[in-house]
Amino acid sequence: MTLDLDRLQLERCAFFLDVDGTLIDIAASPQEVVIPPDLVQLLHQLQNRTQGALALVSGRSVDDLRQLLPHLDVIIAGEHGAEIWRPGETPQNLGAAPIPHELTEALEKITHDFDGVVLERKPRGRAIHFRAIPTQEYAVRDAVALAVKPFAQRFEVVPGKMVAEVRTIGIDKGQAIAKLMQDPTFKGRLPVFAGDDVTDEAGFLIVRAHGGAVIRVGGAPRADLDRHFETPAELRGWLSRCVTERAPA
Ligand SMILES: O=P(O)(O)OC[C@H]1O[C@H](O[C@H]2O[C@H](CO)[C@@H](O)[C@H](O)[C@H]2O)[C@H](O)[C@@H](O)[C@@H]1O
């Protein structure tokens, strides 16, 4: 059964929002994304209306997101939930293992074998981007799988949009959301999660398990979604209407 998102009471909700492809448009490279001018204000409004029960849940690292959104002061679950940062604190590692040097070397080699592949080194993971050579997608994904194979007891490869993400086994957005739902700020609220990609599915599962609402941006509409938006701009428009039109009685 899906929830009627137009009847949500923000004061009883907890929002978990993915970033790339959900709040902001996908760009040619991670550094080229454009942050909409009103995004930070919108997120702070949502944070106020939910008494702080708002977290960004992203594949990007906490440091990366804080640079991208320097004036934003909200909780961040970074690197697919490998780390959680609360404003004023240092990020908490939720169990990510250090990436072995040999694994990074093996991934680095792929950037030499395929012109156009870029290795993103995150504090707790690696991402191999091949957006510049889409026709080589399967060859690159195979090469990444092979590189990670000797480390398969601790690390796995997860697919994303024109990217292969290498992360510690057991880390996913679902476990980060489950942990945040134990926080007094989030506990007892109805979780609402918006995402756009394969790596968001673990978050969708946990949110459903808590009786919450699942929103997907892009892709095809699905029967199991509570709401589907075509673009990040549509999602931001809906969030904006939520915070302005649904003021508390
Ligand atoms: O979980 P998200 O917030 O959606 O982050 C997922 C990954 O986003 C970034 O890569 C993706 O977006 C780039 C900018 O639009 C695009 O160029 C790239 O092809 C996408 O894969 C980021 O670089 C990754 O670290 C995140 O895991």
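Conventions we followed
Residues numbered from 1 in each chain as written. Predicted model: local features only at pLDDT ≥ 70, side-chain atom pairs only at ≥ 80, totals over all residues. Heavy atoms only, no water. UniProt positions renumbered as here; feature names shortened; annotations may be inferred. Pairing = 2+ DSSP bridges. Helix = DSSP H or I, 4+ residues; strand = E, 2+ residues; numbered from the N terminus. Contact = heavy atoms within 4.5 Å. Axes fitted to C-alpha atoms, helices over the stretch in contact; angles between N-to-C directions. 1 Å grid on protein atoms, 1.4 Å probe; cavity = no way out; pocket = protein on both sides within 12 Å on 5 of 7 lines; lining within 4 Å. Points joined across faces, edges and corners; volume = space filled by probe spheres on them. Nonpolar A, V, L, I, M, F, W, Y, C, P; charged D, E, K, R; others polar. Parallel < 35°, antiparallel > 145°, perpendicular 65-115°, else oblique. Left-handed = near helix turned anticlockwise from the far one by under 90°. Buried < 20%, exposed > 50% of the residue type's maximum accessible area, 1.4 Å probe, protein only. Arc of directions from axis to C-beta. Polar contact = N/O pair within 3.5 Å; in protein donor to acceptor, adjacent residues only side chain to side chain.

In the annotation of an unreviewed UniProt entry, the protein is listed under the name Trehalose 6-phosphate phosphatase and assigned to Lacibacterium aquatile. As its UniProt record puts it under Sequence similarities (unreviewed entry), the protein is described as follows: "Belongs to the trehalose phosphatase family." Regarding the protein, the relevant UniProt record gives this comment under Function (unreviewed entry): "Removes the phosphate from trehalose 6-phosphate to produce free trehalose."

Asks: So what's going on with the sheet that holds strand β3 (residues 75-78)? Which residues, and what values?
Replies: Hydrogen bonds between backbone atoms are what pair the strands of a sheet, whose relative direction is either parallel or antiparallel. One open sheet holds the eight strands; their spatial order is β5-β4-β3-β2-β1-β10-β11-β12, and the pairing between them is mixed. Edge positions in the sheet fall to β5 (92-93) and β12 (227-229), since each of these pairs with one other strand and no more. Relative to β5, strand β4 (residues 83-85) runs antiparallel, the two sharing two bridges. Directly across from Glu83, in β5, lies its bridge partner Asn93. Those strands touched by helix α6 (residues 201-209) are β10 (190-195) and β11 (213-217), and its axis lies near 155° from that of β11.

Asks: Account for the layout of surface pockets, naming residues and giving values.
Replies: Considered as a void within the structure, the largest pocket measures approximately 530 Å³ in volume. Contributing to the lining of the largest pocket are 29 residues, with Asp20, Pro30, His129, Lys161 and Val163 lying nearest its centre. At the level of elements, β6 (118-122) and β9 (163-168) are the ones that each hand at least two residues to the lining of the largest pocket. With three residues, β6 is the single largest residue contributor to the lining of the largest pocket. Of the residues in the lining of the largest pocket, the class split is eight nonpolar, nine polar and 12 charged.

Asks: Just give me the short version of the packing of helix α1 (residues 39-49) against helix α7 (residues 232-245), but keep the residues and values in it.
Replies: As a packed pair, α1 and α7 sit with axes 10 Å apart at the nearest point and diverge in direction by 45°. Relative to α7, α1 is oriented oblique. Seen from above, α1 lies across α7 with left-handed handedness. Taken together, the residues of α7 that come into contact with α1 (itself represented by Leu39, Leu42, Gln45, Leu46 and Arg49) are Arg236, Leu239, Ser240, Cys242 and Val243. Among the residues making up the contact of α1 with α7, the classes are represented as six nonpolar, two polar and two charged.

Asks: Break down helix α5 (residues 173-180) for me, with residues and values.
Replies: Owing to its 3.6 residues per turn, the α-helix brings residues three or four apart onto one side. Inspection of α5 places Lys173, Gly174, Ala176, Ile177 and Leu180 among the buried residues, and these make up the whole buried set. Summarising the axial view, the buried residues of α5 lie within an arc of 165°, below the 170-degree limit, and thus occupy one face. For α5, the secondary structure elements touched by its buried residues are β1 (13-17), β2 (54-57), β3, β4, β10 and α6. Capping the start of α5, Asp172 holds a side-chain oxygen 2.8 Å from the backbone nitrogen of Gly174, two or three residues further along.

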